[in-house]
Every structure is written in C-alpha cells, then in structure tokens.
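Below are the chains, spelled out letter by letter.
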Amino acid sequence: MSRIAILVPGKIHDRVPARLQEHFELVPAGRDANGRLAIDAETAKRIRGVAVSGTVNAADIDGLPAVEVISSFGVGYDGVDVKHAASKNVVVTNTPDVLNDEVADTALALLLNTAREFPRAENWLRDGNWKPGVNYPLSRFSLKGRHVGMFGLGRIGQEIAARLEPFKVKISYHTRSRNPDVAYDYYPSLKELAAAVDTLIAIVPKTPQTHKVVDADILSALGSDGIFINVGRGWSVDEDALIAALKNGVIGAAGLDVFYDEPNVPAGLLDLPNAVLLPHLASGSVPTRNAMADLVVDNLISWFQQGKPLTPVPETPVKA
Ligand code: A2R
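The sections below set out a description of the structure shown in this document. (Residues numbered from 1 in each chain as written. Predicted model: local features only at pLDDT ≥ 70, side-chain atom pairs only at ≥ 80, totals over all residues. Heavy atoms only, no water.)

**Quick notes on helix α12 (residues 286-306)**
Given a rise of 1.5 Å per residue, 21 residues ought to cover 30 Å, and the 29 Å separating the end C-alpha atoms of α12 matches this to within 8%. Its side-chain oxygen placed 3.2 Å from the backbone nitrogen of threonine 288, serine 285 serves as the N-cap of α12. Positive backbone phi, approximately 75°, marks glycine 307, located one or two places after α12. (Helix = DSSP H or I, 4+ residues; strand = E, 2+ residues; numbered from the N terminus. Expected span 1.5 Å × (residues − 1). Polar contact = N/O pair within 3.5 Å; in protein donor to acceptor, adjacent residues only side chain to side chain.)

Here it is as structure tokens:
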C-alpha cells in the first residue's frame, strides 16, 4: 500500500499525516491565489485518496482523475461536494459517533453556563468584585423545570437528550421524521416546537434545508424567557435576528459554539451580556480529536485494504 498517494489539502489534525505516512505516500498541498489545489498535473493523476478537514469542491474532484475516496475529518461534511463525488463514484467518509459524548457534554455545559451565567460570574470574581457583603447577582434563569426542545435528534441529539433526563427537564423534539424509538413529544414543525418549549437546542447538519431556519419568527415563538443553544452549525441561524432578539428581550439568552462565518463572530454578539460564546470546541478535547483523526486514517486503510469504507456518508455510492 505504500505507493498509494493520499492528498492532504490544507491543515488537519497532526495525527492524520503522522499515521498516514506509515501506510501511504503523503502529498500535502496548499491552494493558489485562485483557490485551486497547488499540485502539479502529474502528481494529481496519482492521487487515489484525500484526507481533509475542510473543503473539497467539485473542481478539486475533477482535478484528481484517479481519486477513489475522500476521508473527511468531523461529523459534518458540508465542506465536501458529496453530490459531485457521488456522480463520479468517489466515496466520502466522515467521523460520526466517536465525538457524540464530547459534543453532548459540551452542549450541557453550555446550557448550564447560559442559564446560570457561570462564565460571567467567574469574570466578575477575577475582576476583584467579590467583597464582604457584595455578591454576584442571582441568575435570572435556572435549568430547573425547563422544557427543552431538541432541534435535531440524531446521534448527538440523542446523547444530549440522554444527559438532560437526569436534570428532570421535559424533552420534546423536531426532526423531519418522527423517531418511533423515542418517547419524547414530536413536533412536525420547528415553529410548533419553539412555541411549546422555553429552551431550544440546535444540533442539525448544514444543508440547503437548514439555512437560517432559526429566524426572527422562531425566536419570537421561543419567547422572552427562552434560551437558545447551538452546537450544530452557525449556518442554521439568522445571526442578525438572533442579535436583535437577545438585545430586545425577544429571547432571554443564548449559548453558541458555532457561528455563521467562523472565526468571525459578529461584534453585535460579542457586545451582548446574555450570550455565552465558545470558539467551536464542542469536540475539542485531545482524546476525542485523536479518535476522529484515527477514524479519518482508518477509513482510508479500510478502503484500500478491504475495499470498504468504515463510515461512509449516506449520500456516498458505496455502503459499509
Ligand atoms: O430530519 P431527520 O429525521 O433526518 O433528523 C435529523 C435532523 N435533521 C433535520 N431536522 C429538521 N429539519 C431538517 N431539515 C433536518 N435535517 C436533519 O438532524 C437528525 O435528527 C439530525 C442529524 O442527526 P445525525 O445525522 O445523526 O447527525 P449527528 O451525528 O447528530 O450530527 C449533527 C450535526 C453534524 O452534521 C454537524 O454539523 C454538527 O452536528 O456537529
């Protein structure tokens, strides 16, 4: 297998190239000023696999005539043109499941931080404000007694819901299709879910259908005591509407790990005291990112050794 050339466009977790080198010829590549892959035509012809954290577009795929498989880092694979890959019989894999627990843990931490203002309280302490007789104000919100709406109840959403159960909150959900295996109340539309709950957690993928679906209308349905949490994709949120809703008391607070145009976080959000903001780190621990990196490499090894990917995305032409 040592002569199989694997392209690594752009940056990826260090463990990926380190492990790939043990099994394949590694071809790192940047991009030119026009965004095209910076590799010569002869090398491009030899590339049979890609390991990527980010973008592989249609032009990239067209420029790699021998490519068989694209192994994408992360569970969301919106950076890869999966449709175009499928039309050329190119397999695409992602790294599901190995990050479920980490992302779900982060979602719960973010929810508690948002409801109880722990990051602000810590900053208040560090700034020397805690003095005899001077205490941090009581938090306006509590998690106790809340009704949480899950927007998305897939692999990660179900882990979030499982963690919410011991908090004794009511749980409901909206997805496109009802899951017969869960007992939570199902709402056929996001609007109905938002109107029924006081806490909305988004954990849906970036697709054409999820673009800015959390808009002014949904936030208004969530209501003035509402808390909105997003650990899916910033793509799903109309950030201008969210900023206005947080500013004007249309909802109460928000906790965000993801943003529309990362790493650019709008000043309007940075200015808000009722928003808890994290730099897209939900899966960002050493053990979980190592497991994701391993799965990127193991998918390539499995493809070239067994002819089968371990975790192909649903749109891919080859099933595991
Ligand atoms: O709609 P369904 O029945 O396919 O349920 C999926 C839901 N979902 C949607 N719900 C409402 N409207 C939509 N247009 C829509 N599109 C998808 O999102 C399912 O409950 C959930 C996705 O679950 P999984 O595919 O298992 O993804 P996982 O591993 O939970 O990750 C979710 C996303 C990733 O795509 C990354 O963007 C992010 O979390 O890290």
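**Concerning the sheet that holds strand β2 (residues 25-29)**
In space, the five strands of this open sheet follow the order β2-β1-β3-β4-β5, with parallel pairing throughout. Where the open sheet ends on each side, the last strands, each with one partner, are β2 and β5 (91-93). Between one strand axis and the next, the sheet turns through 20° on average, direction left out of account. As paired strands, strand β1 (residues 5-9) and β2 are joined by five bridges and run parallel to one another. Of the residues in β2, the one forming a bridge with alanine 5 is glutamate 25. α12 rests against β1, β3 (47-52), β4 (69-72) and β5 of the sheet, and its axis sits at about 160° to β4. (Pairing = 2+ DSSP bridges. Axes fitted to C-alpha atoms, helices over the stretch in contact; angles between N-to-C directions. Contact = heavy atoms within 4.5 Å.)

**Observations concerning the sheet that holds strand β6 (residues 147-151)**
Spatial strand order, β8-β7-β6-β9-β10-β11-β12: seven strands in an open sheet with parallel pairing. Looking along the sheet, the strands with just one partner apiece sit at the ends: β8 (185-186) and β12 (275-277). The pairing of strand β7 (residues 170-174) with β8 spans two bridges and is classified as parallel. Counted as the bridge partner of serine 172 is aspartate 185 from β8. Helix-sheet contacts for helix α7 (residues 155-164) involve β6, β7 and β9 (199-202), and the interaxial angle to β6 is about 170°.

**Some points on the nonpolar core**
Side chains of a nonpolar character, in soluble globular proteins, are inclined to be buried together. Grouped together as the largest cluster of nonpolar side chains are 51 residues, with contacts concentrated most on Leu20, Ala51, Met150, Ile160 and Leu164. Residue assignment for this core shows that the elements contributing at least two residues are β1, α1 (15-23), α5 (100-116), β6, α7, β7, β10 (227-230) and α12. Among the elements that make up this core, the one with the highest residue count is α12 (eight residues). Beyond its immediate sequence surroundings of up to four residues, isoleucine 160 is in contact with Ala104, Ala107, Leu108, Met150, Ile201, Ile203 and Val231. In this structure, Tyr187, Leu193, Ala194 and Val237 belong to the second largest nonpolar core, which totals 28 residues. (Core = buried A, V, L, I, M, F, W, Y, C linked by side-chain atoms within 4.5 Å. Buried < 20%, exposed > 50% of the residue type's maximum accessible area, 1.4 Å probe, protein only.)

**Structural notes on the packing of α5 against α7**
Running from amino to carboxyl end, α5 crosses α7 at an angle of 50°, the nearest separation of the two axes being 8 Å. For the element pair α5 / α7, the angle class is oblique. Both α5 and α7 take part in a crossing whose hand is right-handed. Contacts between α5 and α7 pair Asn100, Asp101, Val103, Ala104, Asp105, Ala107, Leu108 and Leu111 from the former with Arg155, Ile156, Glu159, Ile160, Arg163 and Leu164 from the latter. Looking at the contact of α5 with α7 residue by residue, the class counts come to eight nonpolar, one polar and five charged. (Parallel < 35°, antiparallel > 145°, perpendicular 65-115°, else oblique. Left-handed = near helix turned anticlockwise from the far one by under 90°. Nonpolar A, V, L, I, M, F, W, Y, C, P; charged D, E, K, R; others polar.)

**Details of unusual backbone geometry**
Here the amide bond leading from glutamate 262 into proline 263 is cis, since omega sits at 5°, within 30 degrees of zero. Within the fold, proline 263 resides in the loop between β11 (253-256) and α11 (267-270). Of note in this structure, aspartate 97 is not a glycine but carries a positive phi near 70°. Looking at the element boundaries, aspartate 97 is found in the loop between β5 and α5. Taking relative accessible area as the criterion, aspartate 97 reaches 44% and is therefore assigned partly exposed. Not every positive phi belongs to a glycine, and lysine 212 is a case in point at roughly 50°. Residue position: lysine 212 is located in the loop between β9 and α9 (216-222). Note on lysine 212: relative accessible area 35%, which makes it partly exposed.

**Section: the side chain of serine 172**
Counting through the fold element by element, serine 172 comes out in strand β7. Its relative accessible area of 0% is what places serine 172 among the buried residues. At 2.7 Å, the side chain of serine 172 and the side chain of histidine 147 are in polar contact. With sequence-adjacent residues up to four places away left out, serine 172 is seen in contact with His147, Val148, Gly149, Met150, Tyr184, Asp185, Tyr187, Leu193 and Val197.

**Considerations on the packing of aromatic side chains**
This structure, assessed with the given rule, holds four aromatic pairs. Arranged with centres 5.8 Å apart and planes meeting at 65°, the rings of phenylalanine 24 and phenylalanine 304 form a pair that is edge-to-face. With phenylalanine 24 in the loop between α1 and β2 and phenylalanine 304 in helix α12, this pair connects stretches of sequence that are 280 residues apart. By the burial criterion, phenylalanine 24 is buried, and phenylalanine 304 matches it. Between tryptophan 235 and tyrosine 260, the aromatic rings sit 6.3 Å apart at their centres with planes inclined by 10°, giving stacked as the arrangement. Residue tryptophan 235 is located in the loop between β10 and α10 (239-247), and its partner tyrosine 260 is located in the loop between β11 and α11; the two are separated by 25 residues in the primary sequence. (Phe/Tyr/Trp six-rings, centres within 6.5 Å; stacked < 30°, edge-to-face > 60°.)

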